[in-house]
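# Inside the fold
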Amino acid sequence: MLVRKINEDKYKEAIQLSEYAFQYKVPIDEIEKRIERMKKNHILYGILEEDVLVAKLHLLPFEIHLGEQQWKMGGIAGVATYPEYRRKGYVKELLTHSLHVMKEEGYTVSMLHPFSIPFYRKYGWEVLSNRFKCTLTKSDLVMLPTDTNTGKIKRYRDVSDFTDLSTVYDQYASTFSGMLVRSKDWWEQITEGLHAAIYYEDIVPTGYLLYSIKDSKMEVEEFVALDKGARNGLWNFICQHDSMVNTLEIITNERDPLIYSLVNPNIKMEVSPYFMTRIVNVEAFIKQYKFNKSRESVKIKITDTFAPWNEQTFLIGEEKSSNHSEEMEMTINTFSALTFGYKRPRELYEAGFITGKKEQIEKLEDLIPIQQTYFYDFF
């Protein structure tokens with residue numbers, strides 16, 4: 001079976017395959033724009049039968065924030081096969097090929113949005129973050145105290161200069177692991193069709209909303225605030241729409257203080273797993289990752305069926321102070337979840353995903369920094 005890089009002459013076929021597999025239709029006047037975007041940002045791999053594209057995968061070159069660090073990340077998207085060619089191992093071939101490509105091209109980690117979490121877990125991807133959606137009614141729109149002398153909101157219908165949005169987002173993203181590093185092109189793509197409201201304090205941007213309003217419903221796609229003033233100011237801006245909306249939906253992270261701050265926080269809240277991540281190259285990852293300083297060290301044996309270069313035992317920490325006859329064992333999924341911060345070592349050990357002595361788990365607990373994972377984007 002031959003996986004090959006797909007040239008531009010097959011991009012329309014790739015769009016048609018996506019339309020069929022994901023059951024949507026790209027408007028005719030949008031097709032050329034979609035192709036130009038693919039030329040600029042996508043690398044396509046596919047499998048052809050009789051010169052017809054029957055299975056494909058898009059590899060998107062991104063960077064992500066892991067705290068204050070920025071990491072090269074390979075985004076996997078648009079994985080699709082026509083029904084009559086399924087169950088032939090085509091997707092397995094595409095994913096395996098993509099892992100080899102990413103390793104050779106220096107991608108340390110990879111991320112994707114799963115159609116099925118169990119399916120991608122088989123190939124080493126693990127849950128990175130949750131989607132937290134809050135649904136409120138008109139009666140919930142009660143304003144919060146704020147200093148009206150300092151903060152000011154500016155509302156934009158079309159944003160052509162993304163400097164202020166990016167300034168706030170970058171500061172916010174650096175407090176999480178997994179957030180996308182956004183380019184100007186990406187800002188243009190994600191803000192298309194949305195309103196923006198930016199909160200300024202002494203002309204410095206400290207928060208923003210990306211939102212839409214239709215049929216008496218306000219949907220806040222991003223609620224980003226760097227401090228209490230911005231948080232309350234943005235919330236009060238939302239409340240000022242109480243004559244226009246009956247329903248409000250907000251996407252934000254689970255630990256955002258906003259919901260707790262509401263006069264009545266007894267609202268509908270939905271939490272569901274969202275994006276998945278995978279370490280592509282463990283050796284390179286360990287060299288770059290900022291472990292906590294500790295006099296202890298641990299040995300970790302990794303199992304990774306689809307990236308065999310990761311199937312090694314790795315030493316983490318100060319070599320001289322540890323009993324190296326003892327080691328822990330875990331899959332690449334587990335190692336990805338704990339290093340990004342989605343789960344702590346103790347949790348994974350108690351759930352049976354790490355084997356080893358409890359003393360070693362405590363050492364690992366000390367070595368792994370406490371981090372919060374989050375991801376706002378989609379690809």
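Coordinates for the structure precede this section.
Residues numbered from 1 in each chain as written. Predicted model: local features only at pLDDT ≥ 70, side-chain atom pairs only at ≥ 80, totals over all residues. Heavy atoms only, no water.

## With respect to the packing of aromatic side chains
Enumeration according to the criterion identifies 26 aromatic pairs in this entry. A centroid spacing of 5.1 Å and a plane angle of 40 degrees characterise the contact between phenylalanine 62 and phenylalanine 379, whose relative ring orientation is tilted. Of this pair, phenylalanine 62 sits in strand β3 (residues 52–66) while phenylalanine 379 sits in the segment after α12 (358–367), and the two are 317 residues apart along the sequence. Accessibility classification places phenylalanine 62 together with phenylalanine 379 in one group, the buried group. On the numbers, 6.1 Å between centres and 70 degrees between planes, the contact of tryptophan 187 with tyrosine 208 is edge-to-face. Residue tryptophan 187 is located in helix α6 (residues 184–190), and its partner tyrosine 208 is located in strand β11 (residues 204–214); the two are separated by 21 residues in the primary sequence. Among the aromatic side chains, those forming a connected cluster through ring pairs are Phe62, Trp186, Tyr274, Phe275, Phe375, Phe378 and Phe379. Cation over ring: lysine 72 sits above tyrosine 107, and NZ or CZ is 4.5 Å from the ring centre. A cation over a ring is seen here: arginine 278 above tryptophan 125, with NZ or CZ 5.4 Å from the ring centre. (Phe/Tyr/Trp six-rings, centres within 6.5 Å; stacked < 30°, edge-to-face > 60°. Helix = DSSP H or I, 4+ residues; strand = E, 2+ residues; numbered from the N terminus. Buried < 20%, exposed > 50% of the residue type's maximum accessible area, 1.4 Å probe, protein only. Lys NZ or Arg CZ within 6 Å of the ring centre and 35° of its normal.)

## Some remarks on unusual backbone geometry
Across the chain, the bulk of peptide bonds are trans and the bulk of non-glycine residues have phi less than zero. Of note in the backbone geometry, glutamine 23 takes a positive phi value of approximately 60 degrees without being a glycine. Relative to the elements of secondary structure, glutamine 23 occurs in the loop between α1 (11–22) and α2 (28–41). Look at glutamine 23 and you get exposed, because its relative accessible area is 73%.

Read these as spatial facts, not as claims about activity.
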